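Coordinates in review
What follows is the residue order along each chain.
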Amino acid sequence: MAKQREYCDVAVIGGGAAGLTAAIYCGRARLKTVLFEKALPGGLATYTSEIENYPGFPEAIPGTALMKLFEKQAKRFGVEFKLTAVKQADLTGGEKVISTFRTDYVAKAVIVASGGKPRLTGAIGEESFLYDKGISFCATCDAAYYTGKKVLVVGSGDAAIEEAMFLTKFADKVQVSVIHDRGIVDANEVAKEHAFANPKLEFIWNTVVDEFRGGERLQQVVLKNIKTGELSPVDVDGCFLFIGYLPDTDLFKGQVEMDGRGYIPTDDNMATNLPGVFAVGDVRVKGLRQVATAVGDGAVGGVAAERYLAEKAYFDEQIMGGSCPTVVYCWNPTDPVCRSLMSDVEKLKEKYREQVKVVNVDMYKAGSLAARLGIQQAPALALVSDRAVAYRALECTDVRAIEAELAKMIG
Ligand SMILES: Cc1cc2nc3c(=O)[nH]c(=O)nc-3n(C[C@H](O)[C@H](O)[C@H](O)COP(=O)(O)OP(=O)(O)OC[C@H]3O[C@@H](n4cnc5c(N)ncnc54)[C@H](O)[C@@H]3O)c2cc1C
């Protein structure tokens, strides 16, 4: 059976803080916006028990509560949520095709907000106990299950230390495997201070995971001392890994440019190497991966997508889509040469009134429109016919060359 096809202006892939924010901006701009989320809207921020550093919530807010507000706001602006995984994305053409199990969505612009996936230890047996079998990545989601039980946390960054402390509210015993020497963790000073003062937390220094053991569920984690090589089995009911994240970008490989680790480089407008494709949040190359920065990216990416669509529509309809030849004058109103050439362009327009359409492009406001015509500097003229640039007069001081070409064209 042929797949269904649906159309939208913007497809947002990923419903974390970045994707939801981008969707809010696109929805509010009255663009038909479809957001795809393969798990639950909210993304990584919902893994966080308390967010203390997102502005506007001085008493801290649970990640799930904050993300619910984002979702509610996106829905208010008419964003359509598709709670399904994007299986394939063809992003190279003018029309982008986003494929889910049942439907192909054709979008004019795409915002990649697929965030990251947890990094694994690579230890023996790990794959057998992932998620509901004892290895978890989300204290908020799973802490209650470990009430009165024993858990091991692996990692020493902000997430590891803060989530380990959260786990002490539920579990009887929380041990933390840290790769560094005694007393050294990578977390912020406040978290470190609280953690070292917490009697329910026990640190196991200089260790990495060597093996995960158990039956149906995880029962034991074997730690290896990186200095002595000594192996020590730790009996556990569950293990939480907080050793970093990797970008979830496999879907876009070979199309969107990436760095060696799979992160997507963008310009200041969140634009990727592909026209009409933007990347926001943890998925892109950046210095700080937080909710606040994901939100900033989402806002910029949403507005950039809106501008891209407006410009594309203008280019397709006004510049490329005319039924007669179109003369495009790329100018800069503050430049005297450009201003004096404008009167010649106006005369040309008058002379060929019925046969030609004239469009002025202000390079200051819409330089990227001119760039689409292969023009970087004003003044310049382009002659467009049959949806293609037939002639360019670069660094021109009069309209003679373009008029000669025009005359050949219209006879
Ligand atoms: C344990 C932990 C604690 C943290 N604590 C804080 C904190 O206190 N303060 C703070 O500011 N930040 C914190 N962070 C960081 C913060 O959560 C992230 O930087 C932020 O949530 C990133 O948002 P994002 O939208 O870029 O990505 P994500 O939140 O990762 O969202 C990406 C979404 O895309 C979806 N997705 C991926 N691929 C597909 C696909 N093919 N189809 C459909 N959907 C897809 C995923 O399911 C996911 O929901 C913490 C992170 C962790 C892990």
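When you go through the protein chain residue by residue, the secondary structure sums to nine helices and 21 strands. Excluding contacts between residues fewer than 6 apart, the proportion of contacts in the protein chain whose partners are at least 24 apart in sequence is 64%.

What surrounds the ligand is a group of 38 residues, the closest being G14, G16, G43, G115 and G281. The set of elements that each furnish at least two residues to the shell around the ligand consists of α1 (17–28), α4 (158–167) and α6 (291–319). Class assignment for the residues of the shell around the ligand results in 20 nonpolar, 12 polar and six charged.

Tracing the chain through its elements places V178 in the loop between β10 (173–177) and α5 (189–197). Under the C-beta neighbour-count criterion, V178 is labelled buried, with 22 such atoms within 10 Å. Counting along the chain gives 31 residues from V178 to V209, while the straight-line C-alpha distance between them is 9.9 Å. Apart from residues no more than four positions distant in its own chain, V178 is found in contact with S156, V185, F203, I204 and W205.

What follows covers the domain arrangement of the protein chain. Domain parsing of the protein chain yields domain 1 (4–116 + 245–315), domain 2 (126–241) and domain 3 (320–410). Its C-alpha centre places domain 1 at a distance of 32 Å from the equivalent point of domain 2. Every contact between the two is made by six residues of domain 1 and, on the other side, seven residues of domain 2. When the residues that make up the side of domain 1 that touches domain 2 are grouped by side-chain class, the tally is one nonpolar, five polar and no charged.

Glancing now at the sheet that holds strand β13 (residues 218–225). Taken in spatial order, the three strands of this open sheet run β12-β13-β14, and their pairing is antiparallel. Looking along the sheet, the strands with just one partner apiece sit at the ends: β12 (207–214) and β14 (231–235). Direction aside, the axes of adjacent strands within the sheet are offset by 25° on average. Sheet topology note: the β13/β14 ladder contains five bridges and is antiparallel. Following the sheet pairing, V221 is matched in β14 by V234.

For the rest of this paragraph, the subject is unusual backbone geometry. Backbone torsion omega between A378 and P379 reads -5°, so that peptide bond is classified as cis. In this structure, P379 sits in the loop between α8 (363–372) and β20 (380–385). Phi at N206 is positive, roughly 55°, even though this residue is not glycine. If you trace the backbone, N206 turns up in the loop between β11 (201–204) and β12. With 18 C-beta atoms packed within 10 Å, N206 lands in the partly exposed category. In this structure, R387 is a non-glycine residue whose phi angle is positive, near 60°. Looking at where R387 falls in the secondary structure, it is placed in the loop between β20 and β21 (388–394).

Within the secondary structure, V328 is located in strand β18 (residues 326–331). By the C-beta count within 10 Å, which is 27 here, V328 ends up buried. In the structure, V328 is positioned 122 residues away from N206 in sequence and 67 Å away in space, judged by C-alpha atoms. With near-sequence residues (within four places) excluded, V328 lies in contact with I319, V359, V361, L373, L381, A382 and V384.

Time to look at the packing of α1 against helix α2 (residues 63–76). Close contact between α1 and α2 brings their axes to 9 Å; oriented N to C, the two are set at 25°. Judged by the angle between their axes, α1 and α2 are roughly parallel. For the pair α1 and α2, the crossing hand works out as left-handed. The segment α1 lies against α2, with A17, L20, T21, A23, I24 and G27 engaging M67, F70, E71, Q73 and A74.

Rules used in this analysis
- Residues numbered from 1 in each chain as written.
- Predicted model: local features only at pLDDT ≥ 70, side-chain atom pairs only at ≥ 80, totals over all residues.
- Helix = DSSP H or I, 4+ residues; strand = E, 2+ residues; numbered from the N terminus.
- Contact = placed C-beta atoms within 7 Å.
- Near = placed C-beta within 6 Å.
- Nonpolar A, V, L, I, M, F, W, Y, C, P; charged D, E, K, R; others polar.
- Buried ≥ 20, exposed ≤ 12 C-beta atoms within 10 Å, placed from the backbone.
- Domains from an automatic or database assignment.
- Pairing = 2+ DSSP bridges.
- Axes fitted to C-alpha atoms, helices over the stretch in contact; angles between N-to-C directions.
- Parallel < 35°, antiparallel > 145°, perpendicular 65-115°, else oblique.
- Left-handed = near helix turned anticlockwise from the far one by under 90°.

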